[in-house]
Amino acid sequence: MSTPADTIDMRELDRLHHLHAFTDSKAMQQDGGTRVITKAEGVYVWDSEGNRFLDGMAGLWCVSLGYGRKELIEAAQQQLSQLPYYNTFFNCSPEVTIRLAAKLAEQTPEGITQFFFCNSGSEANDSIIKLVRLYWNLMRQPRKKMFIARHYAYHGVTVATASISGLTDMHPQWDLPLPNFVSHVDAPYWYKHGGDLTPDEFGIQCARALENRILELGPETVAAFIGEPVYGAGGVMVPPPTYWPEVVRICQKYDVLLCADEVVCGFGRTGQWFGSQTFGIKPDFMTMGKGLSSGYMPISAVGVHERIAKVLREKAGEIVHGFTYSGHPVAAAVALRNLQIIEEENLVKRVREDIGPYFQQKLGGLLDHPLVGEVRGIGLLGAVEIVKDKRTRETWGPEIRAAFKVRGHCFANSIIMRAARDCLYASPPLVISKTEVDELLGTFRQCLDLTARDLGVSDFRKDA
Ligand code: PXG
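The structure presented is a predicted model; accordingly, all values stated were derived computationally and were not measured.

Cut-offs and rules
Residues numbered from 1 in each chain as written. Predicted model: local features only at pLDDT ≥ 70, side-chain atom pairs only at ≥ 80, totals over all residues. Heavy atoms only, no water. Helix = DSSP H or I, 4+ residues; strand = E, 2+ residues; numbered from the N terminus. Rg over C-alpha atoms; globule rule 2.2 N^0.38 Å. Buried < 20%, exposed > 50% of the residue type's maximum accessible area, 1.4 Å probe, protein only. Contact = heavy atoms within 4.5 Å. Areas by Shrake-Rupley, 256 points an atom, 1.4 Å probe, with all protein chains shown as cover. Lys, Arg positive; Asp, Glu negative; His and termini not counted. Charge placed at Lys NZ, Arg CZ, Asp CG, Glu CD. Phe/Tyr/Trp six-rings, centres within 6.5 Å; stacked < 30°, edge-to-face > 60°. Lys NZ or Arg CZ within 6 Å of the ring centre and 35° of its normal. Polar contact = N/O pair within 3.5 Å; in protein donor to acceptor, adjacent residues only side chain to side chain. Pairing = 2+ DSSP bridges. Axes fitted to C-alpha atoms, helices over the stretch in contact; angles between N-to-C directions. Salt bridge = Lys/Arg side-chain N within 4 Å of Asp/Glu carboxyl O. Left-handed = near helix turned anticlockwise from the far one by under 90°. Nonpolar A, V, L, I, M, F, W, Y, C, P; charged D, E, K, R; others polar.

### Here we look at the overall build of the protein
Part 1 of the argument: Counting its regular elements, the protein contains 18 helices and 15 strands.
Part 2 of the argument: On C-alpha atoms alone, the protein measures out to a radius of gyration of 22 Å, which is about the 23 Å that the 2.2 N^0.38 rule sets for 464 residues.
Part 3 of the argument: Each principal axis of the C-alpha distribution contributes one length, and for the protein these read about 65 × 60 × 45 Å.
Part 4 of the argument: Within the protein, the fraction of its 464 residues that count as buried is 54%.
Part 5 of the argument: Taking all contacts inside the protein whose residues are at least 6 apart in sequence as the whole, residues at least 24 apart take part in 70%.
Part 6 of the argument: Carbon and sulfur atoms make up 52% of the accessible area of the protein, which amounts to about 20500 Å² in all.
Part 7 of the argument: Across the protein, 49 positive and 54 negative side-chain charges occur, with their mean positions spaced 2 Å apart.

Below you can see the structure in the form of structure tokens.
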């Protein structure tokens, strides 16, 4: 099929004027330029050439309610007419922003009482970093400044949040991490690093690595530990059940604040409202984004535990921090409606008891494929590890980029999956139907077959 003229024009304008996020521009041009996305409905998106894709990533892990939800559109329209903008500075609040904060207080784990709004997960984590510093200054422990974070973590792209992120390719271009700011500890990534240990033993070992690091640095210098309940961009690693309870114990023992980055896990994705509830985490700070508004408007939030909030309220004086669009009324209205719909449609329970288990069962069925070394996930989060040798777990290596070959076949066969390192991820809308799960993972299996053929894997036909 020939490419329509307006697509060619759009690609050219994109090439001339648009600097993309996380993209190698030269490679994209060699590949034919950008894919122009034009519309979406339900779990499907369309490009300007009329191709339809089943969006197995819910955008970037965010479009929980799927595309085209009239209620969210109406909430935005109504708020735009009534009050399109006001801010949260100078003792003011848009009414809807207050309602959203109160709603979040109902849904977040016990003890999380106050909410600070931002526009992105990065800004929310950056705000947490500042609030943690402020808290320890107010507590007269100004030496408590170090963050401990984990390898493979994704916490954002600002100077501070890229520093605490543990994906090492996020650092060299920007001379990060910032000095004397963060220390990274081992990830509970059993498939890759567990060796001969059982997952439970390995979970304890990783938590103890945190304890050892606190002791090495000196507890009087360690401000906070931050982690995603289940990793997102770093590989959808689901920690062994022993891991988080031990981390909670260690943070309490050494008076280290615990920050749960719920940007991916929040709002039902793991089968509870928050990953913290799924894993028994008792956070002092929580980061929320993405699913907070199903991605329809940019909005994120920091949840603060009452014991911290009390200190900030009583001792801080003016908190010299805030964005023009903190608590933006249109974003807040969409988020509030989004949270109501998640409740009305019982989506958290659906993920826990119905579609989540169905998705995990179908995903698990891929393990017999010769390219698949491990399948892991929880709720509507899933990942597969692509390997060359299932027994030794040897990968195809960075030259072959096997996971990216699979992703190429996915796009060519009308499904969207996310590739990173040697993994492919799925994080579909919470409203995905069983038929759509079958379509996504059935097509994905065919894409694995096609990749096996490309790579000359001889026994794939037996399984096909
Ligand atoms: N924390 C977590 C756990 C995230 O996944 C952020 C913070 C930062 O949020 P913002 O809104 O500033 O992007 C994220 C974002 C990917 C991908 O390629 C993942 C994210 C963002 C962009 C791409 O998987 N996660």
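On we go from here.
### Structural notes on the packing of aromatic side chains
Part 1 of the argument: Scanning the model with the defined rule gives 13 aromatic pairs in all.
Part 2 of the argument: Summarising the aromatic geometry, the rings of phenylalanine 147 and phenylalanine 181 are spaced 6.2 Å apart at their centres and angled 40 degrees between planes, so their arrangement reads as tilted. In this pair, phenylalanine 147 is assigned in strand β5 (residues 146–150) and phenylalanine 181 in the loop between α7 (159–164) and β6 (182–185), connecting sequence segments 34 residues apart. With respect to class, phenylalanine 147 is no different from phenylalanine 181; both count as buried.
Part 3 of the argument: Taken together, Tyr85, Tyr86 and Tyr325 form an aromatic cluster joined through their ring pairs.
Part 4 of the argument: A cation sits over an aromatic face here: lysine 144 above tryptophan 136, 5.0 Å from the ring centre.

### Observations concerning the side chain of serine 294
Part 1 of the argument: Inspection of the secondary structure assignment puts serine 294 in the loop between β9 (285–288) and β10 (300–305).
Part 2 of the argument: Side chain to side chain, serine 294 and asparagine 338 meet in a polar contact 2.7 Å long.
Part 3 of the argument: The residues touching serine 294, leaving out its near neighbours within four places in the chain, are Cys62, Val63, Ser64, Leu65, Leu72 and Asn338.

### Some thoughts on the environment of alanine 260
Part 1 of the argument: Examined against the element boundaries, alanine 260 turns out to sit in strand β8 (residues 257–261).
Part 2 of the argument: In this structure the C-alpha to C-alpha distance between alanine 260 and phenylalanine 274, which are 14 residues apart in sequence, comes to 9.6 Å.
Part 3 of the argument: Apart from the residues within four sequence positions on either side, alanine 260 is in contact with Gly227, Ser276, Ile281, Pro283, Phe285, Met286 and Thr287.

### As for the sheet that holds β10
Adjacent strands of a sheet form backbone hydrogen bonds with each other and so pair up, either parallel or antiparallel.
Part 1 of the argument: Taken in spatial order, the seven strands make up an open sheet running β4-β10-β9-β8-β7-β5-β6, and their pairing is mixed. Two strands bound the open sheet, and with one partner strand each, they are β4 (112–118) and β6. With direction set aside, neighbouring strand axes in the sheet form an average angle of 20 degrees.
Part 2 of the argument: Relative to β9, β8 runs parallel, the two sharing three bridges. Paired with aspartate 261 across the strands is threonine 287, a residue of β9.

### What about the pattern of salt bridges?
Part 1 of the argument: Considering all chains together, one arrives at 24 salt bridges under this definition.
Part 2 of the argument: Its salt-bridge partner being lysine 434, residue aspartate 354 comes within 2.8 Å of it at the nearest N-O pair. With aspartate 354 in the loop between α14 (347–353) and α15 (355–364) and lysine 434 in helix α17 (residues 434–454), the pair connects residues that are 80 residues apart, well separated along the chain.
Part 3 of the argument: When its relative accessible area of 34% is taken as the criterion, aspartate 354 is described as partly exposed.
Part 4 of the argument: Classification of lysine 434 by relative accessible area gives partly exposed; the value is 36%.
Part 5 of the argument: A salt bridge links arginine 376 to glutamate 374, with the shortest nitrogen-to-oxygen separation between them at 2.5 Å.
Part 6 of the argument: Residue classification places glutamate 374 among the buried residues on the basis of a relative accessible area of 16%.

### Re the side chain of arginine 376
Part 1 of the argument: In this fold, arginine 376 is placed in strand β11 (residues 372–378).
Part 2 of the argument: With relative accessibility at 9%, the residue arginine 376 sits in the buried group.
Part 3 of the argument: In this structure the side chain of arginine 376 is engaged in a polar contact, spanning 2.9 Å, whose partner is the backbone oxygen of glycine 235.

### A few points about the packing of helix α5 (residues 95–107) against helix α13 (residues 329–344)
Part 1 of the argument: It is at 8 Å that the axes of α5 and α13 come closest, and there the two elements cross at 35 degrees. Here α5 and α13 pass one another in a crossing that is left-handed. In this structure, α5 contributes Val96, Thr97, Arg99, Leu100, Lys103, Leu104, Glu106 and Gln107 to the contact, and α13 contributes Pro329, Ala332, Ala333, Ala335, Leu336, Leu339 and Glu343.
Part 2 of the argument: For the contact of α5 with α13, the residue count by class is nine nonpolar, two polar and four charged.

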